[in-house]
Amino acid sequence: MNMLISQAVLSVSVVIPVYKGEKSLPALMKELSLLTGDSSITPKGVAYAIKEVLLVHDSGPDRSDLVLEDLARQYSFVRPIWLSRNFGQHAATLSGMASSCSSWVVTMDEDGQHNPAEIGKMLDTALDGGHQIIYAQPLNPPPHGRWRNWCSTLAKKLALQFLGAQYQAGTFNSFRLINGEIARIIAAYCGNGVYLDIALFWVANRIGYTPVVLRGEDRPSSYSFGMLLNHFWRMVLTSGTRPLRLITISGGASFLLTLFFFAYALYSKFIEQTSIQGWTSLLIIISFFSGLIMVSLGVVAEYLALTMGIVMGKPLYVVTSKPTRPPKQV
């Protein structure tokens, strides 16, 4: 099978959202340039070539805009994409996917922790298993703090619980290999506020994983704890109606707990002849159910806000012909 596939060179588009890539991008482009010729071969003998690298400028605070312009002059395969403002990593990735034209699309970070040499291994995994999407599965912890890595692992496990048991084999990663048609379909129909990996699961079910080794980052992460929390909450809201089912289950459990308290009070009053001091227990019960109601209303309100953003036509991203440059430093 591989011998037949290797007769044709597989084309690959690489999409990189750029926020603070001023220092890391030149070295990464140099690595990717080694894979642009038709002589690139996967470990299993399949010929492939990176036909284009789409650098999506997400209006970061540094001078990545100047670096992108310089790289476009230096390398013919580099295509800058300019966004009108900062829309976030997933929106920037989707804008690059929409502009891709290859049979496979690779998404990766700008900070250098993803090794371009792993793309060949990911292609082999996709071709051998007939997969539509391949996620990198790191063999080593990400180059962040222990606390952040633990929170990230927990968040991904919770998200996979919302998605269902069929996706428990692995986890999300921004280093992905996606069938080109799937990538462009998602980019065309994905609405504002939708978590990219959740959207990919809407249209693809043949998903594989390739073990990779992460490299150290060339710079600290741009994500604060608040941004990561917002990222996780968006992933939960766009994962489907399971969070709403949790509200229903919580309501049923609260009702059963109320019946238990009521039965216990009757038993203590009439069987054990115990004098019931009701103010403390009443305060606890009212506080518990009031909090439960507020949490339930908050989750429903978040769903309504997400729906409003989609219905009102809020754009996921806007591409412009010129870069949005940061203010000049005085």
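Above: the structure in question.
Residues numbered from 1 in each chain as written. Predicted model: local features only at pLDDT ≥ 70, side-chain atom pairs only at ≥ 80, totals over all residues. Heavy atoms only, no water.

*Asks:* What exactly am I supposed to notice about the overall build of the protein here?
*Replies:* Within the protein one finds eleven helices and nine strands. When each of the 330 residues of the protein is scored for burial, the buried share is 43%. Sequence separation of at least 24 residues holds for 83% of the intrachain contacts in the protein that already meet a minimum separation of 6. With an accessible surface of roughly 17,600 Å², the protein has 64% of that area assigned to carbon and sulfur atoms. (Helix = DSSP H or I, 4+ residues; strand = E, 2+ residues; numbered from the N terminus. Buried < 20%, exposed > 50% of the residue type's maximum accessible area, 1.4 Å probe, protein only. Contact = heavy atoms within 4.5 Å. Areas by Shrake-Rupley, 256 points an atom, 1.4 Å probe, with all protein chains shown as cover.)

*Asks:* Just checking my understanding: could you explain the environment of Lys121 for this structure?
*Replies:* Positionally, Lys121 belongs in helix H5 (residues 119-129). Accessibility expressed as a relative area gives 33% for Lys121, which makes it partly exposed. Each C-alpha atom, one on Lys121 and one on Pro211, is 8.7 Å from the other, the two residues being 90 residues apart in sequence. When residues no more than four places from it in sequence are discounted, the contact partners of Lys121 are Pro43, Thr210 and Pro211.

*Asks:* Mind showing me how you'd approach the nonpolar core here?
*Replies:* In this structure, Val14, Ile16, Leu25, Met29, Leu32, Val53 and Leu55 are the most contacted members of the largest nonpolar core, which totals 35 residues. When residues of this core are traced back to their parent elements, those giving at least two are strand S1 (10-18), helix H2 (25-33), strand S3 (47-57), helix H3 (64-74), strand S4 (78-83), strand S5 (104-107), H5 and strand S6 (133-138). Non-local contacts of Val14, meaning those with residues more than four positions away in its chain, are made with Leu32, Ile50, Glu52, Val53, Leu54, Val106, Met108 and Ile119. Counting residues in hydrophobic clusters, the runner-up holds 30 residues, among them Ala92, Ala187, Val194 and Ile198. (Core = buried A, V, L, I, M, F, W, Y, C linked by side-chain atoms within 4.5 Å.)

*Asks:* What am I meant to see in the packing of aromatic side chains here?
*Replies:* Two descriptors summarise a pair of aromatic rings, namely the distance from one centre to the other and the angle between the planes of the rings. Considering all chains together, one arrives at three aromatic pairs under this definition. Pairing Tyr75 with Phe77 gives two aromatic rings, centres 5.1 Å apart and planes at 40°, and the pair type is tilted. Taken as a pair, Tyr75 and Phe77 share a single burial class, namely buried. For the ring pair Tyr135 and Phe172, a centre distance of 6.0 Å and an interplane angle of 45° mean the geometry is tilted. A residue pair is termed long-range when its members are at least 10 positions apart, and Tyr135 in strand S6 and Phe172 in the loop between helix H6 (146-163) and strand S7 (176-179) qualify at 37 residues. Each member of the pair, Tyr135 together with Phe172, is buried. (Phe/Tyr/Trp six-rings, centres within 6.5 Å; stacked < 30°, edge-to-face > 60°.)

*Asks:* What am I meant to see in the pattern of salt bridges here?
*Replies:* Under the criterion given, the structure shown has eight salt bridges. Here Arg215 and Glu31 are joined by a salt bridge, their closest N and O atoms 2.8 Å apart. Taken together, the positions of Arg215 in the loop between strand S8 (207-212) and helix H9 (225-237) and Glu31 in helix H2 put the pair 184 residues apart, joining distant regions of the chain. Residue class for Glu31 comes out partly exposed when judged on its relative accessible area of 27%. Here Asp197 makes a salt bridge to Arg176, at a shortest N to O gap of 2.9 Å. Here Asp197 is found in helix H8 (residues 196-203), whereas its partner Arg176 is found in strand S7, with 21 residues between them in sequence. (Salt bridge = Lys/Arg side-chain N within 4 Å of Asp/Glu carboxyl O.)

*Asks:* Sorry, what's going on with the side chain of Ser64 here?
*Replies:* The topology assignment puts Ser64 in helix H3. Ser64 gets classed as buried once you look at its relative accessible area, which sits at 0%. What Ser64 contacts, discounting residues up to four positions off in sequence, is Val18, Tyr19, Lys20, Gly21, Glu22 and His57.

*Asks:* Please clarify how the pairing of S5 should be interpreted in this entry.
*Replies:* If a strand is regular, its side chains alternate between the two faces of the sheet. Judged by which residues are buried, S5 turns out to be covered on both faces: Trp104 and Val106 on one side and Val105 and Thr107 on the other are all buried. Pairing between S1 and S5: four bridges, direction parallel. Note on S5: the bridge partner recorded for Val12 is Trp104. Taken together, the four bridges between S5 and S7 define a ladder with antiparallel strand orientation. Residue pairing across strands places Val106 opposite Leu177, the latter belonging to S7. (Pairing = 2+ DSSP bridges.)

*Asks:* What is the right way to look at H2 in this model?
*Replies:* Structural remark: α-helix, 3.6 residues per turn; residues separated by three or four positions point the same way. When H2 is considered as a whole, its buried residues turn out to be Leu25, Leu28, Met29 and Leu32. Buried residues in H2, looked at end-on, bunch into an arc of 100°, giving them a common side. Against S1, S3, H3 and S4 lie the buried residues of H2. (Arc of directions from axis to C-beta.)

*Asks:* Is there a simple way to think about helix H4 (residues 89-98) in this case?
*Replies:* By the criterion of burial, H4 is predominantly enclosed, with eight of the ten residues buried. If you check which residues of H4 are buried, you get His90, Ala91, Ala92, Thr93, Leu94, Ser95, Gly96 and Met97.

*Asks:* Explain unusual backbone geometry here, please?
*Replies:* As a rule of thumb, non-glycine residues mostly have phi less than zero, and peptide bonds are mostly trans rather than cis. One non-glycine residue with positive phi stands out, namely Ser59, at about 55°. If you trace the backbone, Ser59 turns up in the loop between S3 and H3.

*Asks:* Any chance you could explain the environment of Val15 here in plain terms?
*Replies:* Mapped onto the elements of the fold, Val15 is located in strand S1. The class for Val15 is buried, based on a relative accessible area of 0%. A C-alpha to C-alpha distance of 10.0 Å links Val15 and Ala98, two positions 83 residues apart in sequence. Setting aside its immediate chain neighbours within four residues, Val15 contacts Leu54, Val56, Thr93, Gly96, Met97, Val105, Val106, Thr107 and Met108.

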